[in-house]
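Here's the letter readout for the chains.
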Amino acid sequence: IRNTKTMGGALTTEQIAEGREKLIEQLKAKATDILTRQPGNRCCKYLITYLDSEEGKALSDDDLQTFYRCVRTGIDNEDSGLGCYAMTPEDYSKFGGFFNAVIRDYHGDETGEKKHVTDWDASGVGEGGVLDVRKIGFDQELSMRVRVGRNLKAFNLPGKMDQAERIKFEQTMLAAFKSLCDNPEYGGNIYSLSPDHGEGVDNPNKIDDAKYQELVDAHVMFKDMDADSFLKSAGISSDWPYGRGCWQSEDKQCIIWFGEEDQLRIMCMKKGFLLNEVFDRLNTMLKAVEAIEGIEFATSDDYGYITSCPSNLGTGMRASVHVKIPNLTSDGTDAKAKEVCNPLGLSVRGTGGEHTPIGADGTVDISPRARLFIKEAEIIAKLYEGVKLLMDKEKEAAPAAAEAPAAAEAATEEKPAEAAPEAAPEAAAEAPAAA
């Protein structure tokens, strides 16, 4: 595995022929070296034992080449937490000894026996599945967003696609997009970045650079993936911008990205009081897309819906709401919100995503962490339970938040005359922050 960054994501026939055992030993040595600096790199951790296993030793030369492509991002990017991507839906079984260890470590299955179950039925949550947040104390509409990753069974995953296959995939999806555009429930437009659909074949949905930037700025379209070193090493960003684009509904509440980390990223968003609405609409849209001839989502009996990255297997879902909690965040941090949400398996982050600050008005983004070995209905329930508990704690924090400035003012007035005059304003200023 000498000079892996120049190998284009795959081992050449000559490199394999020059010495299979030597090649494997080089890969194991590289992984061992990385682990001395990055012990959390799961790719390197499990790669070594896998190549020493009976399954690893039995890999054909072609399979060894594919396996290298699966793990290359973890070698190139030493700080990877996972460091691997599947190249085809079958890789999760073909290299099962490796991926199963990575998956169950990452998703926290100590038994090694869990199987994913898909179930959207949330009728047992709220009032028969109707999740009206006004009934748990919200008087302002919530910003709600839910998305899933999906891949078609008939195609390679993005890391193994070449330009021709990316174009063919886009053309396959045009039937689905046309069906959605013709449906009064959705309507909308297709925005494609592909310069063409092959030599001499025009792309009727191609947009110019100005329109692309407009869509990126509006958070409708994804950014140039080639700048992401993890996706680049995995081959996922190759052939940019062929086979990339999106469909957006007329009301702008539904979007389908094509050609990103997964073949499809399907999402719904809206502001409202009924949390179930965004989930119900997404589920309906997923059924409408898969009902079209030639479209079948890739699944696994063990891991549910197949995604390029093992972190998104199962539901492939990320669901989030923006919740305004000024009392719980009166100290300028989300620490109290995390105390409430962490036991429920919910992540708290800024409104701009991970590692971004909370909103100036105390707005935070709440989302369930689990993707795999959890039902879609359970994700909905966790989110509803989380925002309900947050609102309860927010109300409890209201008296303390309101009383802190008054207490500070009273303390200032009662301070002995001999105290330094400048101490009073400081005490008053610090009191709210301590609430």
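First, a word on scope: everything that follows refers to the structure included in this document.

So, how was this worked out
Counting of residues starts from 1 at the beginning of each chain's written sequence and follows it residue by residue. Where totals are concerned, whole chains, interfaces and linings use all residues; where local detail is concerned, this predicted model gives features only for residues with pLDDT of at least 70, and gives and counts side-chain atom pairs only at 80 or more. To obtain the side-chain values, all non-hydrogen atoms of the structure were included, while hydrogens and water were left out. Each reported salt bridge corresponds to a side-chain nitrogen of Lys or Arg within 4 Å of a carboxyl oxygen of Asp or Glu. The numbering of helices and of strands both runs from the N terminus, where a helix is a DSSP run of H or I of at least 4 residues and a strand a run of E of at least 2. Any two strands with at least two DSSP bridges between them are considered paired. Think of each axis as a best-fit line through the C-alpha atoms, taken over the contacting stretch in the case of a helix, with angles from 0 to 180 degrees between the N-to-C directions. Throughout, a residue-residue contact means that at least one pair of heavy atoms, one from each residue, lies within 4.5 Å. Buried means the residue's accessible area, taken with a 1.4 Å probe over protein chains only, is under 20% of the maximum for its type, while exposed means over 50%, and partly exposed covers the values in between. Residues grouped as a nonpolar core are buried Ala, Val, Leu, Ile, Met, Phe, Trp, Tyr and Cys residues, joined through side-chain atoms within 4.5 Å. These descriptions rest on fixed angle ranges, namely under 35 degrees for roughly parallel, over 145 for roughly antiparallel, 65 to 115 for roughly perpendicular, and the rest for oblique. In this scheme the handedness of a crossing depends on how the near helix is turned from the far one: anticlockwise by less than a right angle means left-handed, clockwise means right-handed.

### Description of the pattern of salt bridges
Part 1: Applying the stated criterion to the full structure yields 28 salt bridges.
Part 2: Residues Lys178 and Asp182 are paired through a salt bridge, measuring 2.8 Å at the closest nitrogen-oxygen approach. Remark: Asp182 and Lys178 occur in helix 8 (residues 163-182); sequence separation between them is four residues, near one turn of the helix.
Part 3: Its salt-bridge partner being Arg318, residue Asp365 comes within 2.8 Å of it at the nearest N-O pair. Here Arg318 lies in strand 8 (residues 317-324) and Asp365 lies in strand 10 (residues 363-368), a separation of 47 residues in the sequence.
Part 4: Through salt bridges that share partners, Glu260, Glu261, Asp262 and Arg265 make up one connected network.

### Observations concerning the sheet that holds strand 2 (residues 189-192)
Part 1: Across the sheet, which stays open at both edges, the eight strands sit in the order 2-3-4-5-1-8-10-9 with antiparallel pairing between neighbours. Single-partner strands in this sheet number two, and they are strand 2 and strand 9 (346-349). Along the sheet, successive strands turn relative to each other by an average axial angle of 20°, direction set aside.
Part 2: In this structure, strand 3 (residues 245-248) lies alongside strand 4 (residues 254-258), joined through four bridges in antiparallel fashion. Paired with Trp247 across the strands is Ile256, a residue of strand 4.
Part 3: Helix 11 (residues 275-290) rests against strand 1 (142-150), strand 3, strand 4, strand 5 (264-272) and strand 8 of the sheet, and its axis sits at about 150° to strand 5.

### Digging into the pairing of strand 8
Side-chain direction in a regular strand flips from residue to residue, so the side chains alternate between the two faces of the sheet.
Part 1: Counting buried positions along strand 8 yields six of eight residues, so the element is predominantly enclosed.
Part 2: The pairing of strand 1 with strand 8 spans six bridges and is antiparallel. Across the sheet, Arg145 pairs through a bridge with Ser320, a residue of strand 8.
Part 3: As defined by bridge partners, strand 8 adjoins strand 10 across four bridges and the pair is classed as antiparallel. Each bridged residue has a counterpart across the sheet, and for Val321 the counterpart in strand 10 is Ile366.

### Comments concerning the nonpolar core
Part 1: With 65 residues, the main nonpolar core has Phe279, Met285 and Ile366 as its most contacted residues.
Part 2: Here this core takes nine residues from helix 13 (residues 376-413), the largest share from any one element.
Part 3: Filtering out sequence-adjacent residues up to four positions away, Met285 remains in contact with Leu180, Tyr186, Trp247, Cys254, Ile266, Met267 and Cys268.
Part 4: Within the second largest apolar cluster, 55 residues are counted, among which are Leu157, Val216, Phe222 and Ile255.

### Describing the packing of helix 2 (residues 20-37) against helix 3 (residues 42-52)
Part 1: At a minimum axis separation of 9 Å, helix 2 and helix 3 run at an interaxial angle of 150°. The angle between helix 2 and helix 3 falls in the class roughly antiparallel. The two elements helix 2 and helix 3 meet at a crossing, and its hand is left-handed. Residues Ile24, Leu27, Lys28, Ala31, Thr32, Ile34 and Leu35 of helix 2 touch helix 3, and the partners they reach there are Cys44, Lys45, Leu47, Ile48, Leu51 and Asp52.

The quantities given are spatial measurements derived from coordinates; they are silent on function.
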